[in-house]
Amino acid sequence: MSLLNFRQDGPPDLAVRSAETAVTRLYEAHALDLVRLALVMVGDRPTAEDVVQDSFLGLYRRWGRLKDPDKALTYLRSSVLNNCRSVLRRRGRRPLGVQDPPVASAESRVLDREQGREVLDALRRLPHRQRETLVLRFVLDLSEEETAQVMRVSRVTVRSNTSRGRTALERMLGETP
């Protein structure tokens, strides 16, 4: 039975209400952070919002098949990264922000201070795995273990990507490693 089916003679069944409640709570608590994650990855807010919306919709549709609903946030983060990768593949792997500056929103104006813009531009030039690792670790403030779960890699890979990404960023920004 699909989570989207409703009974003809009454209220939505318990599975639908459970999915709606859980996904709504996750959305209220984490949507903004996920949009920030996607924004750094793809470079423009409308696309970032679409990526996050698609991820929440996917979670809602699959809620009844989740093996561990307590790991729904990890699933969402992975889904956002996967959807960002798809967007970047369709664009030819270049984030929009590297080609054309996005239209500034109130939030992006704060990030667009000169130093912030330089860091974001340098971050977008990193290989995608290093960029994903740094964003998860330092923008979303996830632990190595949480980052490894989201990216579906080992903690050693997270450490390696973090080290290489930080070194590359320092080089791009003219700082000594």
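The written sequence of each chain sets the order in which its residues are numbered from 1. Given that the model is predicted, a residue must reach a pLDDT of at least 70 before its local features are reported, and side-chain atom pairs must reach 80 or more before they are shown or counted; all residues, however, enter totals for whole chains, interfaces and linings. Heavy atoms throughout the structure, all of them, feed into the side-chain values; hydrogens and water do not.

Per an unreviewed UniProt entry, the protein is named SigE family RNA polymerase sigma factor, and its organism is Actinomadura decatromicini. UniProt positions are given in the numbering used here, feature names are shortened, and annotations may be inferred rather than shown by experiment. Its UniProt record, at the heading Sequence similarities (unreviewed entry), says of the protein: "Belongs to the sigma-70 factor family. ECF subfamily."

Undergrad: What am I meant to see in the overall build of the protein here?
TA: Numbering goes from the N terminus for both helices and strands, where a helix is a DSSP run of H or I of at least four residues and a strand is a run of E of at least two. If you tally the helices and strands in the protein, you get 9 helices and 0 strands. When the elements of the protein are put in sequence order from the N terminus, they spell out α-α-α-α-α-α-α-α-α. A 1.4 Å probe rolled over the protein chains alone gives each residue an accessible area, and that area as a share of the maximum for its type sets the label: buried under 20%, exposed over 50%, partly exposed in between. Looking at the protein as a whole, 40% of its 177 residues are labelled buried. Should any heavy atoms of two residues lie within 4.5 Å, those residues are counted as being in contact. Within the protein, counting contacts between residues at least 6 apart in sequence, those at least 24 apart form 65% of the total. Of the accessible surface of the protein, which amounts to about 10,500 Å², a share of 49% is contributed by carbon and sulfur atoms. Here the accessible surface of atoms and residues is derived via Shrake-Rupley with a 1.4 Å probe, and residues count as covered only by protein chains that are part of the display.

Undergrad: Please explain helix H7 (residues 128-139) as it appears in this structure.
TA: Three- or four-residue spacings in an α-helix give side chains the same orientation, since the helix completes a turn every 3.6 residues. Among the residues making up H7, those that are buried are Gln130, Arg131, Glu132, Thr133, Leu134, Val135, Leu136 and Arg137. Within two residues after H7, Asp141 carries a phi angle of roughly 60 degrees, on the positive side.

Undergrad: It is not clear to me how the packing of aromatic side chains should be interpreted in this structure. Could you clarify?
TA: Two aromatic rings, taken as a pair, are described by how far apart their centres are and by the angle between their planes. Here the aromatic set is Phe, Tyr and Trp, taking the six-membered ring for Trp, and pairing holds for ring centres within 6.5 Å; pairs whose planes are under 30 degrees apart are stacked, those over 60 apart are edge-to-face, and all others are tilted. Counted according to the given criterion, the structure contains 1 aromatic pair. Look at Tyr27 and Phe56: their rings are 5.1 Å apart centre to centre, the planes differ by 70 degrees, and that puts the pair in the edge-to-face class. You can see Tyr27 sitting in helix H1 (residues 14-42) and its partner Phe56 sitting in helix H2 (residues 45-62), a full 29 residues away along the chain. Residue classification places Phe56 among the buried positions, given a relative accessible area of 6%.

Undergrad: I'm lost on the environment of Tyr75 in this one. Help?
TA: One can find Tyr75 in helix H3 (residues 72-91). The spacing of Tyr75 and Met151 is 76 residues in sequence and 9.9 Å in space, taken between C-alpha atoms. Residue contacts for Tyr75: discarding those within four places in its chain leaves Ser55, Gly58, Leu59 and Arg62.

Undergrad: Would you explain the nonpolar core in this entry?
TA: Note on terminology: a nonpolar core comprises buried Ala, Val, Leu, Ile, Met, Phe, Trp, Tyr and Cys residues joined through side-chain atoms within 4.5 Å. Residues Leu26, Leu37, Phe56, Leu59, Trp63, Val80 and Leu136 are the most contacted members of the largest nonpolar core, which totals 41 residues. Of all the secondary-structure elements, those providing two or more residues to this core are H1, H2, H3, helix H6 (114-125), H7, helix H8 (144-151) and helix H9 (155-172). Considering each element in turn, this core owes the most residues, 13 residues, to H1. With sequence-adjacent residues up to four places away left out, Leu26 is seen in contact with Ala31, Phe56, Leu59, Trp63, Ala72, Leu73 and Leu76.

Undergrad: How do you make sense of the side chain of Gln130 when you look at a structure like this?
TA: Position of Gln130 among the secondary structure elements: in helix H7. Sequence-distant contacts of Gln130, that is, excluding residues within four places in its chain, are made with Asn161, Arg164, Gly165 and Ala168.

Undergrad: How should the confidence of the model for the protein be read in this particular structure?
TA: For any part of a model where pLDDT is low, the fine detail of the predicted coordinates should not be relied upon. Scored from 0 to 100, pLDDT records how confident the predictor is in each individual residue. On average, residues of the protein carry a pLDDT of 81, and 75% of them reach 70 or more. Per-element confidence in the protein is highest for H2, whose mean pLDDT is 94, and lowest for helix H4 (residues 96-99), whose mean pLDDT is 48. Low pLDDT, under 50, characterises residues 1-12; the stretch is placed with 18 contacts to residues that sit more than four places away or in other chains.

Undergrad: What's the story with the packing of H3 against H8 in this structure? I'm lost.
TA: At a closest axis distance of 8 Å, the pairing of H3 and H8 adopts a crossing angle of 60 degrees. The angle between the axes of H3 and H8 places the two elements in the oblique class. Read as a crossing pair, H3 and H8 show a hand that is right-handed. Contact residues: Thr74, Arg77, Ser78 and Leu81 in H3; Gln149, Val150 and Met151 in H8. Side-chain classes follow a simple rule in which Ala, Val, Leu, Ile, Met, Phe, Trp, Tyr, Cys and Pro form the nonpolar group, Asp, Glu, Lys and Arg form the charged group, and the remainder, Gly included, forms the polar group. Looking at the contact of H3 with H8 residue by residue, the classes come out as 3 nonpolar, 3 polar and 1 charged. Note on definitions: angles span 0 to 180 degrees between N-to-C directions of axes, and those axes are lines fitted to C-alpha atoms, for helices only across the stretch in contact. Angles below 35 degrees are treated as roughly parallel, those above 145 as roughly antiparallel, those between 65 and 115 as roughly perpendicular, and all remaining angles as oblique. Crossing handedness is read from the near helix: turned anticlockwise from the far helix by less than a right angle, it gives a left-handed crossing, and turned clockwise, a right-handed one.

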